[in-house]
Amino acid sequence: MNGSRASALTLAWRLASFGPRGYPVVPIAIIVITTLLAVFADFIAPHNPEIGVLGERFKPPAWQAGGTETYLLGTDHLGRDVLSRLIFGARVSMIVGFFAVIVAGVIGTALGIVSGYFGGWVDQVIMRITDTWLAFPALIFAIFLAAIVGPSLTNLVVILGAVFWTRYARVIRGEVLSLKERDFVRLAIVANCSNWTIMRRHILPNVINSAVVLASLQLGIVIIAEATLSFLGVGVPPPMPAWGLMLADGKKGMMAGYWWLTVLPGTCIMLMVLAANLLGDWLRVKLDPQLRQL
Amino acid sequence: MKAPLLQLRGLSTHYVSARGTRVVRAVDDVTLTLGAGETLGVVGESGSGKTTLALTILRLLPMAARIVSGQILFEGEDLLTKSDVEMRRIRGKRIAMILQDPMASLNPLFTVGDQVAEPIRVHEGTKRAGAWDRARELLRAVKIPAAETRLRDYPHQLSGGMRQRIVGAIAISCGPRLLIADEPTTSLDVTIQAQYLKLLRELQRAHGLALIFITHNLGIVAKMCDQVAVMYAGRMVESGPVHQIFDAPAHPYTRALLESIPRMGDTDQRLTAIEGQPPDLVAMPGGCAFHPRCPKMMDRCRSEEPPRFDVAAGQSARCWLTAPAGR
Amino acid sequence: MKRYLVKRIGYSLISLFLLSVIIFFFVRVTGDPAVLLVEPGASQADLDAVRQQLGLDKSMGVQYVTFVTDLLRGDFGNSFYYRMPVLELYLSRLPNSLLLAACAMLFSLFIGIPSGILAAVRLGGWWDRVGKIFALLGQSLPSFWVGLMLILFFSVHLGWLPSSGSGTVWHVLMPAFALGWLFAAAHMRLTRSSMLEVLGSEYVKLARLKGLPEAMVIAKHAFKNALIPVLTLAGINLVIMVNTTVVVETVFAWPGVGRLLYEGISFRDFPVVQVTVVLCGAMIVTVNLIVDVLYAVIDPRIRYE
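No experiment lies behind these values; they were computed from the predicted model shown.

## Some thoughts on the nonpolar core
As a rule of thumb, soluble globular proteins bury nonpolar side chains together.
Item 1. Core analysis: the largest hydrophobic core is formed by 120 residues, its most contacted members being A:Phe141, A:Ile143, A:Phe144, A:Leu160 and A:Phe231.
Item 2. If you tally residues by element for this core, the top one is helix H9 (residues 195–232) of chain A, at 11 residues.
Item 3. In contact with A:Phe231, not counting residues within four places along its chain, are A:Gly244, A:Leu245, A:Leu247, A:Ala248, A:Lys251, C:Phe144, C:Leu148, C:Val247 and C:Val251.
Item 4. Grouped together as the second largest cluster of nonpolar side chains are 100 residues, B:Leu32, B:Ile90, B:Ala131 and B:Met236 included.

Listed below in structure tokens is the structure:
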């Protein structure tokens, strides 16, 4: 599948590198702004995202007829301010996205290193499990787990982490396999270093690059996964604001023409994912051209 | 005198970059003649333009390349005036080519028989059964044992030497008059190389083929070829009968090439190499392309490109050293 | 070939086994699966009855064996909401999902492959550039949002297409598009680069040197080779597609197994969730096996591995 990414990669990279000295200004700006919104949500958001005024339901955005400046982007079916919910939703997306990617990364990298380094039956067992896990659709699995443990932010992070670690394991294992043949690792083995030391000091630093690139690529996928789970009702528990949840609510009002309840959260998701993907592609080219294989 | 089979006159092929800013003169003003049944060796380092020359003759150049001038007279007809359809009828049928890497040349998804029979079916309209029979005969002609079973095999099941023979079989399948072999033995084991060259010579004699043998190996040239053409940076710096050139090379580059071959009984400890690197074709030095590395360089060589001078019977070189008095 | 088949089937069986273990494990991990498998609002007696039935007092090994034998017998329990065996329920919805997936996959292949070939053969052209943008967007837009936007535009705004349900060709159009478009982009990109690689290969060069007509070079020599990676991708994408069916069916209220899963979650109907997950996994393992066999049929090199 390597060639397939090459062509969109060039375009993506050009878009992403649109900035001084080729740094991906736009994606970074988007991510930074979103992070700021997430962190300072309490101060920036004009209204409480979870409590609404029922008398102000379904107000359209300020620039449309019927809208007011109090609710810049309109209100939803419970009279809650859309703008505030979007801002707080950013917090949820970032937290879940960030931590899920880290959890998945840690598990996956660890297993990948162990599997690649020890080889033999350890490798076989881990790889079989990974293959089975991978073959299983992430979302269905996530839904399954969510149905068992119930919705909450922590559960969500754990579930997404548990579902997405396999991608890391596969790739890292491959890298470890080729690293094992390199002289500095062989020397360390000959010098009778403990396995743990070798893995920690020699192998880990060399696979970190790939792990980071994978993580940035996964971020987009994870955000979409969280949004999907919330949309289906097994993600973030209401009344907590999440973009996916807003889409689910918004769907009900679509037939009546309340477009802002779906278009706006969706655009947020799209921008976030686009930024993550562009950043990931840029990182991939920057950190190690060999990683174009990913 | 019999008309020559192939005549190249002032042939030039240039690669032009996308914006038209950079021009690489991959083949620069090449003139040579080849008679029927003769063998011509084309020698040069990588990037000297040998393969581009071959592809130019067959007019199968990539999109960025352009044949800017010259003539290619094959059996009296100028190939540069032919339409695409006419060229296609010539390729594989009247002029054939063997590429360097036999594994890569054969399509992994089709059987050997299918691929050998293919040109026969396309060029001569033979039905499948008849073409299959011809394919079997061809495999026998290139000395492949158990031809019948081999026909049904896939390329990855055969050894490198056998694959190259099959490529040879494909090449002669429609009875071409000219065969161009682009480094056919470079990717073969040394032990197999000799056998393959022997095969090529036999096929040549049996079918009256003219052969253009592209190589960087002067030893092969000495064994196989009647004529030799030496290429450097896209230009043909010397050409002529093999024994004449080997005995008395006129161009300093040819001389350096011959000297760099280690000989049995040499007592020198170090290998003789040619100083310097081949030029970057994008930024060529002015005048004679070889002058930065030439031990006999004169002032003239820096600024003026030498034209072809006749050195002896049938031998010519592009070097100011060979210029007759008064030029 | 036979050895390859046997090996692949062996792997599939191992995967199925692992799958059952994983599912079993996760259901049991909460401590008291009886809570999941019993209707909400059930009495203590009901809970005890279920515990007995599941044999929760017995060892894990025995429980697992019971679990698997039940599965193999087709006993997946009953749905609380629909009050019927879940297996039946699942099987009744399955054809709808298959239909949708087939339409979406066909759509993505029929759009993706030819445009990929076109883009490769006419490199740098208009088609090529449009394709690249299409591909980039495809990755960043969640399909359920695409579905929602489609509904917004075609149903609410224009009133041309029905926004939910199934039954006619008109009903299938938007869901198939929402489901398939992301794959169309991916297939197009892959076909394009695969085709480019193949067109630059030595055997294509030799085919041209043989004097074969260009159409034959592309259709016979290039196409089959270029298709191999696309097939792999299609196989992998099938798995992702199953993911996406859940949301697309929910958005469009398409009566398939994806929507069944959604209902299972909404109504806290765990047996439904469980059966969907188990059968989904089994289906994927089977489909992967089929794809691998197809592979071997097309590419002779695989057969001799």
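We are not done yet, so read on.
## Details of the pairing of strand E2 (residues 23–34) of chain B
Residue and element names in this part refer to chain B.
Item 1. Here strand E1 (residues 6–16) runs beside E2; their pairing, made up of 8 bridges, is antiparallel. Considered in E2, the bridge of Leu8 is made with Leu32.
Item 2. Hairpin remark: E1 followed by E2, antiparallel, with 6 residues in the connecting loop; positive phi at Gly20, about 75°.

## Observations regarding unusual backbone geometry
Residues and elements named next belong to chain B.
Item 1. In this model, Asp29 sits at a positive phi of 55°, which is unusual for a non-glycine residue.
Item 2. Counting through the fold element by element, Asp29 comes out in strand E2.
Item 3. The residue Glu183 is not glycine, and still its phi comes out positive at about 45°.
Item 4. Its place among the elements puts Glu183 in the loop between strand E7 (178–182) and helix H8 (190–207).

## Brief notes about the pattern of salt bridges
Item 1. Summed over all chains, the structure comprises 32 salt bridges over all chains.
Item 2. Across the pair B:Glu183 and B:Lys50 runs a salt bridge whose closest N-O atoms are separated by 3.8 Å. With B:Glu183 in the loop between E7 and H8 and B:Lys50 in helix H1 (residues 50–58), the pair connects residues that are 133 residues apart, well separated along the chain.
Item 3. Its relative accessible area of 6% is what places B:Lys50 among the buried residues.
Item 4. Taking the shortest distance from any N to any O, the salt bridge between C:Glu263 and C:Arg259 comes out at 3.5 Å. Of this pair, C:Glu263 and C:Arg259 both sit in helix H11 (residues 257–266), 4 residues apart, roughly one helical turn.
Item 5. For C:Glu263, a relative accessible area of 9% puts it in the buried group.
Item 6. The class of C:Arg259 is partly exposed, set by a relative accessible area of 22%.
Item 7. The network of salt bridges with common partners includes B:Arg25, B:Asp28, B:Asp29, B:Arg235, B:Glu305 and B:Arg318.

## Re the interface of chain B and chain C
Item 1. Contacts between the two partners involve 25 residues from chain B and, on the opposite side, 23 residues from chain C.
Item 2. Note on chain B versus chain C: buried area summed over both sides is about 2,400 Å², and carbon and sulfur give 67% of it.
Item 3. The interface formed by chain B and chain C holds 3 salt bridges in total.
Item 4. With a shortest N-O distance of 3.0 Å, B:Glu118 and C:Lys220 are connected by a salt bridge.
Item 5. For the interface between chain B and chain C, the tally reads 10 residue pairs in polar contact (both at pLDDT 80 or more).
Item 6. Among the elements that take part in the side of chain B that touches chain C, helix H4 (residues 112–124) of chain B stands out by supplying 6 residues, more than any other.
Item 7. Of the residues assigned to the side of chain B that touches chain C, the class counts are 14 nonpolar, 7 polar and 4 charged.

## Digging into the packing of aromatic side chains
Item 1. Taken as a whole and assessed by the stated rule, the structure comprises 13 aromatic pairs over all chains.
Item 2. Geometrically, the ring pair formed by B:Tyr232 and B:Tyr253 is tilted, given 4.6 Å between the ring centres and 55° between the ring planes. In this pair, B:Tyr232 is assigned in strand E9 (residues 227–232) and B:Tyr253 in helix H11 (residues 252–259), connecting sequence segments 21 residues apart.
Item 3. On the accessibility criterion, B:Tyr253 (0% relative accessible area) is buried.
Item 4. Residues B:Phe309 and B:Trp320 carry aromatic rings whose centres are separated by 5.8 Å and whose planes lie at 55° to one another, so their mutual orientation is tilted. Taken as a pair, B:Phe309 in strand E11 (residues 309–312) and B:Trp320 in the segment after strand E12 (315–317) lie far apart in primary sequence, 11 residues in all.
Item 5. For B:Phe309, a relative accessible area of 3% corresponds to the buried category.
Item 6. One aromatic cluster is present, formed by A:Phe58, A:Tyr258, A:Trp259 and A:Trp260 through successive ring pairs.
Item 7. We note B:Arg300 situated over the ring of B:Trp320; from NZ or CZ to the ring centre the distance is 3.7 Å.
Item 8. The ring of B:Phe110 has C:Lys224 lying over it, and the distance from NZ or CZ to the ring centre is 5.0 Å.

## Here's the deal with the packing of helix H10 (residues 243–254) of chain A against helix H11 (residues 260–287) of chain A
Relative orientation and spacing of two packed helices are given, respectively, by the angle between their axes and the distance between those axes.
Residue and element names in this part refer to chain A.
Item 1. Direction vectors running N to C along H10 and H11 enclose 150°, while the axes themselves pass 7 Å from each other. Comparing their axes, H11 and H10 come out roughly antiparallel. Where H10 crosses over H11, the two elements pack in a sense that is left-handed. Between H10 and H11, the contacting residues are Trp243, Met246, Leu247, Gly250, Lys251 and Met254 on the first element and Leu261, Thr262, Pro265, Gly266, Cys268, Ile269 and Met272 on the second.
Item 2. Here the residues of the contact of H10 with H11 are counted per class, giving 9 nonpolar, 3 polar and 1 charged.

## A few points about the confidence of the model for chain A
Residues and elements named next belong to chain A.
Item 1. Per-chain confidence: chain A averages 79 in pLDDT, with 90% of residues scoring 70 or above.
Item 2. Between the elements of chain A, mean pLDDT differs from a low of 50, seen in helix H1 (residues 2–16), to a high of 87, seen in helix H4 (residues 82–118).
Item 3. Confidence drops under a pLDDT of 50 for residues 1–8, and excluding neighbours within four residues, the segment shows 18 contacts in the predicted structure.

## Let's talk about the environment of C:Val257
Residues and elements named next belong to chain C.
Item 1. Inspection of the secondary structure puts Val257 in helix H11.
Item 2. Since its relative accessible area comes to 11%, Val257 is described here as buried.
Item 3. Spatially, the C-alpha atoms of Val257 and Leu89 are 9.0 Å apart, while their sequence positions differ by 168 residues.
Item 4. Contacts of Val257, omitting those with residues within four sequence positions, involve Tyr90, Arg93, Leu94, Ser97, Glu249 and Thr276.

## Comments concerning a nonpolar patch on the surface
Residue and element names in this part refer to chain A.
Item 1. A grouping of Ile28, Val32, Leu36, Val39, Phe40, Phe43 and Ile44 is seen on the molecular surface, where their side chains present a nonpolar patch of about 660 Å² in accessible area.
Item 2. Among the secondary structure elements, those contributing two or more residues to the nonpolar patch are helix H2 (25–39) and helix H3 (41–44).
Item 3. Take the nonpolar patch: its biggest share by element is 4 residues, from H2.
Item 4. Structurally, Ile44 can be placed in helix H3.
Item 5. The partly exposed category is assigned to Ile44, whose relative accessible area is 41%.

## Some words on the interface of chain A and chain C
Item 1. On the chain C side, the residues contacting the 47 residues of chain A number 49 residues.
Item 2. Across the chain A to chain C interface the summed buried area is about 4,600 Å²; carbon plus sulfur atoms make up 80%.
Item 3. Across the contact surface, chain A and chain C share 2 residue pairs in polar contact (both at pLDDT 80 or more).
Item 4. In terms of residue class, the side of chain A that touches chain C is made up of 34 nonpolar, 10 polar and 3 charged.

## Here's the deal with the side chain of B:Ser48
Item 1. For B:Ser48, the location among the structural elements is in the loop between strand E3 (39–43) and H1.
Item 2. Apart from residues lying up to four places away in sequence, B:Ser48 is in contact with B:Ala26, B:Met231, B:Tyr232, B:Ala233 and B:Gly234.

## Quick look at H11(A)
Item 1. Between its first and last C-alpha atoms H11(A) spans 40 Å; for 28 residues at 1.5 Å apiece the expected length is 40 Å, and the two agree.
Item 2. Counting buried residues in H11(A) gives 23 out of 28 residues, a clear majority hidden from the surface.

## Focus: the side chain of A:Thr130
All names here are of chain A.
Item 1. Assignment of secondary structure puts Thr130 in helix H5 (residues 120–135).
Item 2. A distance of 2.6 Å separates the side chain of Thr130 from the backbone oxygen of Ile126, its partner in a polar contact.
Item 3. Residues within four places of Thr130 in sequence aside, it is in contact with Trp165, Thr166, Ala169 and Arg170.

The rules we used
Residues numbered from 1 in each chain as written. Chains lettered and ligands numbered in written order. Predicted model: local features only at pLDDT ≥ 70, side-chain atom pairs only at ≥ 80, totals over all residues. Heavy atoms only, no water. Core = buried A, V, L, I, M, F, W, Y, C linked by side-chain atoms within 4.5 Å. Buried < 20%, exposed > 50% of the residue type's maximum accessible area, 1.4 Å probe, protein only. Helix = DSSP H or I, 4+ residues; strand = E, 2+ residues; numbered from the N terminus. Contact = heavy atoms within 4.5 Å. Pairing = 2+ DSSP bridges. Salt bridge = Lys/Arg side-chain N within 4 Å of Asp/Glu carboxyl O. Buried area = accessible area lost by both parts, 1.4 Å probe. Polar contact = N/O pair within 3.5 Å; in protein donor to acceptor, adjacent residues only side chain to side chain. Nonpolar A, V, L, I, M, F, W, Y, C, P; charged D, E, K, R; others polar. Phe/Tyr/Trp six-rings, centres within 6.5 Å; stacked < 30°, edge-to-face > 60°. Lys NZ or Arg CZ within 6 Å of the ring centre and 35° of its normal. Axes fitted to C-alpha atoms, helices over the stretch in contact; angles between N-to-C directions. Parallel < 35°, antiparallel > 145°, perpendicular 65-115°, else oblique. Left-handed = near helix turned anticlockwise from the far one by under 90°. pLDDT = per-residue confidence, 0-100. Patch = residues over 30% accessible without salt bridge, like charges linked within 9 Å, V, L, I, M, F, W, Y side chains within 5 Å. Areas by Shrake-Rupley, 256 points an atom, 1.4 Å probe, with all protein chains shown as cover. Expected span 1.5 Å × (residues − 1).

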